[in-house]
Amino acid sequence: MHLAYPAVLSALLFCTGLYGVLARRNAILVLMSVELMLNAVNLNLVAFDVWLSRTAEETLHSGQALTLFTIAIAAAEIGIGLAIVLAVHRNRGTADIDKLRDSAEGHESHPAAGSDSDALTAEQADRAGKAEATA
């Protein structure tokens, strides 16, 4: 088998995953697209390992070993990522990335809540402004 076949398949998988990361709104689908991209890299690692082992007399299978490490790291990444997505979904009620970004930007535009005395002085200033407007 030629090296071109798995390389083209890997490129197609990677482009599909990249499109999923850029176009999707749901955080879980973005994580799935990242996993698809990692699997494309794994396919490339194994294909190049097989291709290089044909030319070398001693085979170390370093591409396959690196693929196993990548799979282990990807499993840990998806576990942590899903835990974060579930925690955000419980707190905010959505896993939509655009809504989460909009609510975070809207949260930053409000003044930071300080101590109770700062809140009282802000309320007193607001009441004073309303009293002057009515007078």
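Residues numbered from 1 in each chain as written. Predicted model: local features only at pLDDT ≥ 70, side-chain atom pairs only at ≥ 80, totals over all residues. Heavy atoms only, no water.

Participant: I'm lost on the overall build of the chain in this one. Help?
Facilitator: Each helix and strand in the chain was counted, giving five helices and zero strands. Counting from the amino terminus, helix and strand elements in the chain follow one another as α-α-α-α-α. Put simply, 57% of the contacts in the chain that link residues at least 6 apart link residues at least 24 apart. For the chain, the accessible surface area stands at approximately 10,100 Å², while carbon and sulfur atoms represent 65% of it. (Helix = DSSP H or I, 4+ residues; strand = E, 2+ residues; numbered from the N terminus. Contact = heavy atoms within 4.5 Å. Areas by Shrake-Rupley, 256 points an atom, 1.4 Å probe, with all protein chains shown as cover.)

Participant: Mind showing me how you'd approach the side chain of Thr 67 here?
Facilitator: Considering the arrangement of structural elements, one finds Thr 67 in helix H3 (residues 62-92). Residue Thr 67 is classed as buried on the basis of its relative accessible area, which comes to 7%. (Buried < 20%, exposed > 50% of the residue type's maximum accessible area, 1.4 Å probe, protein only.)

Participant: Help me understand a nonpolar patch on the surface, please; the structure alone is not making it clear to me.
Facilitator: Judged by side-chain polarity, Phe 14, Leu 18, Leu 22 and Val 41 come together as a nonpolar surface patch covering roughly 340 Å² of accessible area. The biggest single contributor to the nonpolar patch is helix H1 (residues 4-23), with three residues. Secondary-structure assignment places Leu 18 in helix H1. Accessibility expressed as a relative area gives 37% for Leu 18, which makes it partly exposed. (Patch = residues over 30% accessible without salt bridge, like charges linked within 9 Å, V, L, I, M, F, W, Y side chains within 5 Å. Salt bridge = Lys/Arg side-chain N within 4 Å of Asp/Glu carboxyl O.)

Participant: I would appreciate a short explanation of the packing of aromatic side chains in the present structure.
Facilitator: Centre-to-centre distance and the angle between the planes together describe a pair of aromatic rings. For the structure shown, the criterion picks out one aromatic pair. Ring centres of Phe 48 and Trp 51 lie 6.1 Å apart, and the angle between their planes is 85°; on these two criteria the pair is classed as edge-to-face. Within this pair, Phe 48 and its partner Trp 51 are both found in helix H2 (residues 27-55), separated by three residues, close to a single helical turn. The partly exposed category is assigned to Phe 48, whose relative accessible area is 35%. (Phe/Tyr/Trp six-rings, centres within 6.5 Å; stacked < 30°, edge-to-face > 60°.)

Participant: Just checking my understanding: could you explain the pattern of salt bridges for this structure?
Facilitator: Side chains bearing opposite charge may pair, as long as their charged atoms lie close to each other. One pass over the full model with this rule turns up one salt bridge. In this structure, Arg 25 engages Asp 98 in a salt bridge whose closest nitrogen and oxygen atoms are separated by 2.8 Å. Linking Arg 25 in the loop between H1 and H2 with Asp 98 in helix H4 (residues 97-109), this pair joins segments that are 73 residues apart in sequence. Relative accessible area serves as the criterion here: at 46%, Arg 25 is assigned to the partly exposed category.

Participant: How should I be thinking about H3 in this particular structure?
Facilitator: One full turn of an α-helix is made of 3.6 residues, so residues set three or four places apart face in the same direction. The end-to-end C-alpha distance of H3 is 44 Å, a good match for the 45 Å that 31 residues give at a rise of 1.5 Å each. Among the residues of H3, those classed as buried are Gly 63, Thr 67, Thr 70, Ala 74, Gly 81 and Val 85. Among the residues trailing H3, Gly 93 stands out with phi positive, at a value near 85°. (Expected span 1.5 Å × (residues − 1).)

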